[in-house]
Amino acid sequence: MHSMNKKKSQKQSGLSYYGLYLLNYLQENRFEEATDTAFIQERAEQAAATYERARLDGYPAEGAQELAMAVLVQGLHHSRYSVLHEVIEKEFSDEVPEEKRDTFTEKLLPLVSNVFPIYDLTDDHFALSSSYEQLYTELTGAIALYIEAYGI
């Protein structure tokens, strides 16, 4: 019965392996694109085509898979949620217990959302940039002010 449910859910979603992987990735990291089925389908098709092309070009299966996965998650390494959660985890671990971090992050996200448009989170190397440090600092200040004013 379990495999029947799995088959049914895959049929209902109509997503391939890459599509299901991407959907799960987007949901786990709370990307806004998690509800955009056209986006997920298009990325999944691009990844599958990349894999096929790489295999035809002589890449081993692992190399082709690596290229396909890079296409699948290109520009999706930093969600607003994951960046905010990271700041809370690293800078406020004493103030925000681990079991409350997800809820706290979700509560704060709409309150700091106006900060994010200034930064290019789609840059795959964003975490290595000075812009990331600037965003990190800005979020740290906003979180500190919120905790001081309202608690957790």
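To keep things clear, this report deals only with the structure shown in the data block. The residue numbering used here restarts from 1 in each chain and proceeds along that chain's sequence as written. Local features in this predicted model are restricted to residues whose pLDDT is 70 or higher, and side-chain atom pairs enter the listing and the counts only when it is 80 or higher, whereas totals over whole chains, interfaces and linings include all residues. Here the side-chain values reflect all heavy atoms present in the structure, with hydrogen atoms and water set aside.

**Observations concerning the nonpolar core**
Move 1: Among buried residues, those of type Ala, Val, Leu, Ile, Met, Phe, Trp, Tyr and Cys that are joined through side-chain atoms within 4.5 Å constitute a nonpolar core. Note on exposure labels: buried denotes an accessible area under 20% of the residue type's maximum, exposed denotes more than 50%, and partly exposed covers the range between, all computed with a 1.4 Å probe on protein chains only. Residues Leu84, Phe104, Phe116, Leu135, Leu139 and Ile143 are the most contacted members of the largest nonpolar core, which totals 23 residues.
Move 2: Among the elements of the structure, α5 (80-91), α6 (101-112) and α7 (130-150) are those that each provide at least two residues to this core.
Move 3: Looking at this core element by element, the count peaks at seven residues for α7.
Move 4: Residues contacting phenylalanine 116, with those up to four places away along its chain left out, are Arg80, Val83, Leu109, Leu121, Leu135 and Leu139. Numbering of helices and strands runs from the N terminus, with a helix taken as a DSSP run of H or I at least four residues long and a strand as a DSSP run of E at least two residues long. Whether two residues are in contact is decided by their heavy atoms, any of which lying within 4.5 Å being enough.

**A look at the side chain of histidine 85**
Move 1: In this structure, histidine 85 sits in helix α5.
Move 2: For histidine 85, a relative accessible area of 15% corresponds to the buried category.
Move 3: Among the polar contacts made by the side chain of histidine 85, one reaches the side chain of aspartate 102 at a distance of 3.0 Å.
Move 4: With near-sequence residues (within four places) excluded, histidine 85 lies in contact with Arg101, Asp102 and Thr105. Counted as a polar contact is a pair of N or O atoms within 3.5 Å, where, for protein atoms, one must be capable of donating a hydrogen and the other of accepting one, and residues adjacent in sequence contribute only when both atoms are in side chains.

**Description of the packing of aromatic side chains**
A ring pair, where both rings are aromatic, is described by two values, the distance of the centres and the angle of the planes.
Move 1: The criterion for an aromatic pair is that two Phe, Tyr or Trp rings (for Trp, the six-membered ring) have centres within 6.5 Å, with stacked assigned to planes under 30 degrees apart, edge-to-face to planes over 60 apart and tilted to the rest. The full count for this structure, using the stated rule, is eight aromatic pairs.
Move 2: Centroid distance tyrosine 25 to phenylalanine 31: 6.0 Å. Interplanar angle 25°. Geometry classified as stacked. For the pair tyrosine 25 and phenylalanine 31, one class covers both residues: buried.
Move 3: Taking the centre distance of 6.0 Å and the plane angle of 50° together, the rings of tyrosine 132 and tyrosine 136 count as tilted. With tyrosine 132 and tyrosine 136 both in helix α7 and four residues apart, the pair spans about one turn of that helix.
Move 4: By relative accessible area, which is 14% here, tyrosine 136 ends up buried.
Move 5: Sitting above the plane of the tyrosine 81 ring, arginine 30 keeps its charged end 4.2 Å from the centroid. To sit over a ring, a charge needs its Lys NZ or Arg CZ within 6 Å of the ring centre and within 35 degrees of the ring normal.

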